[in-house]
There are 2 protein chains.
Amino acid sequence: MVITVVGLGVVGGSYVQALQGLGYDVYGVDLNEDTLKQAKADGCIIEGYTDAHEIVKKSDMTIICLYPSQVLEFIATHEFKPGSLVTDVVGIKSYFLEKALKLISDDVEYVSGHPMAGKESRGYAYASKDVFIDANYIIIEHEKNKKESIEFMCQFVSQLGFKTARIMSPYDHDEIISFTSQLSHVIAVSLIDSDTQKFDTKKYTGDSYRDLTRIANINEELWCELFLNNKKFLLQSINNFENQFDKLKDAIINDDSDTMIAMFKEAAKRREQLEQKDE
Amino acid sequence: MVITVVGLGVVGGSYVQALQGLGYDVYGVDLNEDTLKQAKADGCIIEGYTDAHEIVKKSDMTIICLYPSQVLEFIATHEFKPGSLVTDVVGIKSYFLEKALKLISDDVEYVSGHPMAGKESRGYAYASKDVFIDANYIIIEHEKNKKESIEFMCQFVSQLGFKTARIMSPYDHDEIISFTSQLSHVIAVSLIDSDTQKFDTKKYTGDSYRDLTRIANINEELWCELFLNNKKFLLQSINNFENQFDKLKDAIINDDSDTMIAMFKEAAKRREQLEQKDE
C-alpha cells in the first residue's frame, strides 16, 4: 500500500516517523528539499517530491498535513488515485469539511481526521512519533463515507499509537475543540501578554506559569485561521470561561471564601477525573 | 548543625529528602506518626516528633513547612534556640511577614523564604527532592536581617538544588507572585469549572488543556488563604489579564486578524525568552 504524506512539518514529520516499519511504502511531499533529504536519510520515506501531482495519482492513501486553507487549495489543484483514501489533520471541521467535500472528486474517499497531538515548535526537526502515543484521535464522519473506510481509519491510527479513535460530527467536533484546545490557546496568549514586565519574570516562575504559557509559543498564521473559522463555538467557550473567572474574581473581592472553596473543590474533583483512565 | 523541618507534607518532605547526605543532623515534626516513621525509615530524619517544643529549642535551624496561618500560630507557641535561624516556605509575604516579625523573639534570626517548587498533590508520599533542582527560590529580606544570615541562606538553598536565590522586598515578592503563581491558579480553576460537560472531555483533550488545568487540582484551604491575603496585587494581575483577554476576544469577534497576529507574535517572543537560560 502506497502512502504519501504531504507537508513534512512537525505533524507530517511525526506521521512519516510513526509509519516507519509498519510495512507501507511511504513517500513525502514538501517544498523544502532539505527536509525531504533528511526524511529520506532517516529512513522514513522512500522518496521525496516538491511537486505532488504524480505521486498522489499513484497513492492508495494521501495524508495532507497542511494548514486548513492550504489543504483546500491542495485538493482543488491535485488529482488523486480513484478509490484512494484522502485525509487531513485540520483542527476545525464544520467550515472546512463543507468546502473540502465540494472540491474532492466523487471517486475518492475523503475521511477527515484530527490527531490531538502536537507541539508548539514548528518543522520536521521537532517531529516525533512519540507525540501520537496514547493521544486522542477524532474521525469526522460525513454522509458520503463508507463504513469500511471509517473502520480502516480506526485501525490505521491505532497502528500509529493513538488511543481508540472517536467518531463524531463536524459540529460536535468544533464545539468540544473550541473548549479543549482553542480556549486554552486564547488564555495562554492573554496571560503572557498581560505580563507588565516590571520584573524579570523567568526568575520568579514556578511550574504553574511555565505550564500555562507553553502553548503561547503559537504559530500565528495557523491559529488565526483556526479561531476565525470557529467563531461561534469559540466565543461560546470564551463566555463560559469568563463567567467562572468573574465568579472567582468577585469571591476574592468580597472575601467570599465559601464560594472560593466550592469552586476549588469542584476544580480538584474534575482534574482528578481527567487523569482517570477511560474505558 | 541541627536542622528541624516542621510539617512533612509534600514541601517539608522534599526538604528532608534534599537534606539527606549533606552532613546536617535532621529531625522532623509532624502530627501524623506514620509520616514520621516513613521519613525515618527512608533515612531522611534521625528522629520524628509529634510535639515540636523540645526539639526546636535545640535546633540551629527550623524550617517551618506549614500553611501561612499555621506558621504564625507555630511561632507564637514555640520557643526557638537563641541565635538560631528560623525560616518558612509561605507563598505570600507582606501581610505574613509583618505578623511573623511581631511574634518572633528578637534573639532569633528570621529569614523568610519562598521555594518556587511544588506539586499539586499533597502529603509526604508525593515529596521529592527533584522538584528543587534548578527551581527558583526567593529570599524576603527585612530590616532586622543580618547580612551573614542572608548569605548563609543563599548557600543553603543552592546546596538543596535551587538556582541562585533572588533577594527582594515583601511587596515586590507579592506583586510578581500574584502574576506568576496566583493568577495561573485563578485561570486553571476557572477554565476547568467552565467545562459544560456536554461531552466526555478527557476523550477530546490534547496536551494544552491538560497543561493548563494541572494546577486546578488545588489545595482549597491553602489557596483561599493565599488569595485573600494578597488581594491588592492579585486583583491587579487579574485586571491586566482581563484587558488582554478582552482585546483578543474583540479581535475574534471583529475578524481583526492584524491584532490577533500581533498578539500571537508578542506571546511567542515572550515564551521563547522564558526558555532562555538566565545568567
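Please read these numbers as outputs of a predicted model, since none were measured by experiment.

Conventions we followed
Starting afresh in each chain, residues are numbered from 1 along the sequence in its written order. Naming scheme: in the order in which they are written, chains are lettered from A and ligands are numbered from 1. Under the rules for a predicted model, residues below a pLDDT of 70 receive no local features and side-chain atom pairs below 80 are neither given nor counted, while totals for whole chains, interfaces and linings still include all residues. With hydrogens and water set aside, each side-chain value is computed from the structure's full complement of heavy atoms. Counting from the N terminus, the helices are the DSSP runs of H or I reaching at least four residues and the strands are the DSSP runs of E reaching at least two. Categorising residues by exposure relies on relative accessible area from a 1.4 Å probe, with only protein chains included: less than 20% of the type maximum marks a residue as buried, more than 50% marks it as exposed, and the intermediate range marks it as partly exposed. We call two residues in contact when some of their heavy atoms are within 4.5 Å. Working definition of accessibility: Shrake-Rupley area with a 1.4 Å probe, residue cover restricted to the visible protein chains. In this tally, Lys and Arg are treated as positive and Asp and Glu as negative; His is ignored, and so are the chain termini. Charge positions come from single atoms, namely NZ of Lys, CZ of Arg, CG of Asp or CD of Glu. Whenever a carboxyl oxygen of Asp or Glu lies within 4 Å of a side-chain nitrogen of Lys or Arg, that contact is scored as a salt bridge. Polar contacts, as used here, are pairs of N or O atoms within 3.5 Å; protein pairs need one atom able to donate a hydrogen and one able to accept it. Residues neighboring in sequence count only if both atoms are side-chain atoms. Summed over both partners, the accessible surface that disappears when two parts come together, traced with a 1.4 Å probe, is what is meant by buried area. Here, two cysteine sulfur atoms that lie within 2.5 Å of each other are counted as a disulfide. Any two rings among Phe, Tyr and Trp, with Trp reduced to its six-membered ring, count as a pair given centres within 6.5 Å; such a pair is stacked if its planes are under 30 degrees apart, edge-to-face if over 60, and tilted if neither. Every angle, taken between N-to-C directions, lies between 0 and 180 degrees, and every axis is a line fitted to C-alpha atoms, over only the stretch in contact when it is a helix. Any angle from 65 to 115 degrees is called roughly perpendicular, while one under 35 is roughly parallel, one over 145 is roughly antiparallel, and all others are oblique. Each crossing is labelled by how the near helix is turned from the far one, with a counterclockwise turn of less than a right angle marking it left-handed and a clockwise turn marking it right-handed. The copies are overlaid by a least-squares fit using only the C-alpha atoms of residues whose pLDDT is at least 70 in both copies. Strands are treated as partners if at least two bridges between them are detected by DSSP. Look down the strands so they point away from you; if the path from the first strand over the helix to the second goes clockwise, the crossover is right-handed.

Undergrad: How would you summarise the overall build of chain A if you had to cite specific residues and measurements?
TA: Of the regular secondary structure elements, chain A holds 11 helices and 9 strands. In terms of its C-alpha atoms, chain A occupies a principal-axis envelope of roughly 65 × 45 × 35 Å. Counting only residues that meet the buried cut, chain A has 59% of its 279 residues in that class. Considering only intrachain contacts with a sequence separation of at least 6, the fraction spanning at least 24 residues in chain A is 67%. Accessible surface computed for chain A: about 11700 Å², of which carbon and sulfur atoms make up 46%. Between the mean site of the 30 positive side-chain charges and the mean site of the 45 negative ones, chain A shows a separation of 2 Å.

Undergrad: Got a sec to walk through the pattern of salt bridges? Specific residues and values, please.
TA: Taken as a whole, this structure holds 34 salt bridges over all chains when the rule is applied. Among the salt bridges present, the one from Glu175(A) reaches Lys198(B), with a minimum N-O distance of 2.7 Å. Residue Glu175(A) is located in helix α7 (residues 170-193), and its partner Lys198(B) is located in the loop between α7 (170-193) and α8 (207-213); the two belong to separate chains. Residue classification places Glu175(A) among the buried residues on the basis of a relative accessible area of 12%. On the basis of relative accessible area, Lys198(B) is assigned to the exposed category, the value being 53%. Between Arg214(A) and Asp211(B) there is a salt bridge whose closest N-O contact spans 2.6 Å. Residue Arg214(A) is located in the loop between α8 (207-213) and α9 (220-228), and its partner Asp211(B) is located in helix α8; the two belong to separate chains. The structure contains a network of salt bridges with shared partners spanning Glu266(A), Lys269(A) and Arg270(A).

Undergrad: Could you give an account of the environment of Tyr24(B), with specific residues and numbers?
TA: All names here are of chain B. Here tyrosine 24 shows up in the loop between α1 (10-19) and β2 (25-29). Sequence-wise, tyrosine 24 and methionine 260 are 236 residues apart; in three dimensions their C-alpha atoms are separated by 55 Å. Those residues in contact with tyrosine 24 that lie beyond four places of it in its chain are Met1, Ile3, Leu19, Phe156 and Gln159. Here glutamine 159 takes part through its side chain, which lies 2.5 Å from a polar atom of the side chain of tyrosine 24.

Undergrad: Break down the interface of chain A and chain B for me, citing the residues and quoting the values.
TA: Taken together, the 87 residues of chain A in the interface contact 87 residues of chain B. Both sides of the chain A and chain B interface together cover about 8800 Å² of buried area, and 65% of this is carbon and sulfur. Across the contact surface, chain A and chain B share 8 salt bridges. Across the salt bridge formed by Glu242(A) and Lys249(B), the nearest N and O atoms sit 2.9 Å from each other. Here chain A and chain B share 40 residue pairs in polar contact (both at pLDDT 80 or more) between them.

Undergrad: So what about the state of the cysteines? Which residues, and what values?
TA: All names here are of chain B. This model, assessed by the stated rule, comprises 0 disulfides over all chains. With no disulfide of its own, cysteine 44 has cysteine 65 as its nearest cysteine by sulfur position, at a separation of 13 Å. Overall, cysteine 44 belongs to the buried group, its relative accessible area being 6%.

Undergrad: Tell me about unusual backbone geometry, and name the residues and values.
TA: Glycine aside, the phi torsion of most residues is negative, and most peptide linkages are trans. Residue and element names in this part refer to chain A. At aspartate 134, a position not held by glycine, the phi torsion is positive, near 65°. Within the fold, aspartate 134 resides in the loop between β7 (112-116) and β8 (136-140). Its identity as a non-glycine residue notwithstanding, aspartate 255 has a phi of 50°, on the positive side.

Undergrad: Now, about the packing of aromatic side chains: what can you tell me, with residues and values included?
TA: Residue and element names in this part refer to chain A. Counted according to the given criterion, the structure contains 27 aromatic pairs over all chains. A ring pair is formed by phenylalanine 152 and phenylalanine 156, whose centres lie 5.9 Å apart and whose planes are at 20°; its orientation type is stacked. In this pair, phenylalanine 152 and phenylalanine 156 both sit in helix α6 (residues 147-159), 4 residues apart, roughly one turn of the helix. Each residue in the set Tyr15, Phe132, Tyr137 and Phe162 is aromatic and connected to the rest through ring pairs, giving one cluster.

Undergrad: Give a detailed account of the packing of α7(B) against helix α9 (residues 220-228) of chain B, specifying residues and quantitative values.
TA: Residues and elements named next belong to chain B. Between α7 and α9, whose axes approach to 11 Å, the crossing angle comes to 120°. As judged from the angle between their axes, α7 and α9 are oblique. Crossing of α7 against α9: the hand is left-handed. Contacts between α7 and α9 involve Ser181, Gln182, His185 and Val186 from the first element and Trp223, Leu226 and Phe227 from the second.

Undergrad: Help me get a handle on the relation of the copies chain A and chain B, residues and values and all.
TA: Rotating chain A by 180° about the axis while translating it 0.0 Å along that axis superimposes it on chain B, leaving an RMSD of 0.0 Å. Overall, the copies show the geometry of a two-fold rotation axis. Taking the C-alpha atom as reference, chain A places Leu212(A) closest to the rotation axis, 2.4 Å from it. Comparing interface residues between copies, 100% of those in chain A also lie at the interface in chain B; the contact surface is shared.

Undergrad: Can you lay out the sheet that holds strand β4 (residues 61-64) of chain B for me, pointing to particular residues and giving the numbers?
TA: For sheets, the rule is that strands pair by backbone hydrogen bonds, running either parallel or antiparallel. Residues and elements named next belong to chain B. With respect to topology, 6 strands assemble into an open sheet ordered β3-β2-β1-β4-β5-β6, the strand pairing being parallel. Lying at the two open borders of the sheet, with one neighbouring strand each, are β3 (48-49) and β6 (109-110). The strands touched by helix α4 (residues 68-77) within the sheet are β1 (2-6), β4, β5 (85-88) and β6, with β4 carrying the most contacts at an inclination of about 145°.

Undergrad: I'd like a rundown of the side chain of Asp193(B), residues and numbers included.
TA: The topology assignment puts Asp193(B) in helix α7. One buried charged residue, Asp193(B), forms no salt bridge at all, with the nearest opposite charge on Arg270(A) at 4.4 Å. A polar side-chain atom of Asp193(B) sits 3.3 Å from the main-chain amide nitrogen of Ala267(A). Ignoring any residue separated from it by four or fewer positions in sequence, one finds Asp193(B) in contact with Gln244(A), Met263(A), Glu266(A), Ala267(A) and Arg270(A).

Undergrad: So what's going on with the pairing of β2(B)? Which residues, and what values?
TA: All names here are of chain B. For β2, a buried count of 4 out of 5 residues is recorded, marking the element as mostly surrounded by other parts of the structure. Relative to β2, β1 runs parallel, the two being bridged by 5 bridges. Each bridged residue has a counterpart across the sheet, and for isoleucine 3 the counterpart in β2 is valine 26. The handedness of the β1 to β2 crossover, carried by α1, is right-handed. Note that the unit made of β2, helix α2 (residues 33-41) and β3 has a crossover that is right-handed.

Undergrad: Now, about the environment of Leu85(B): what can you tell me, with residues and values included?
TA: Positionally, Leu85(B) belongs in strand β5. Aside from chain neighbours lying at most four places away, what touches Leu85(B) is Asp60(B), Met61(B), Thr62(B), Glu109(B), Val111(B), Ser149(B), Phe152(B) and Met153(B).

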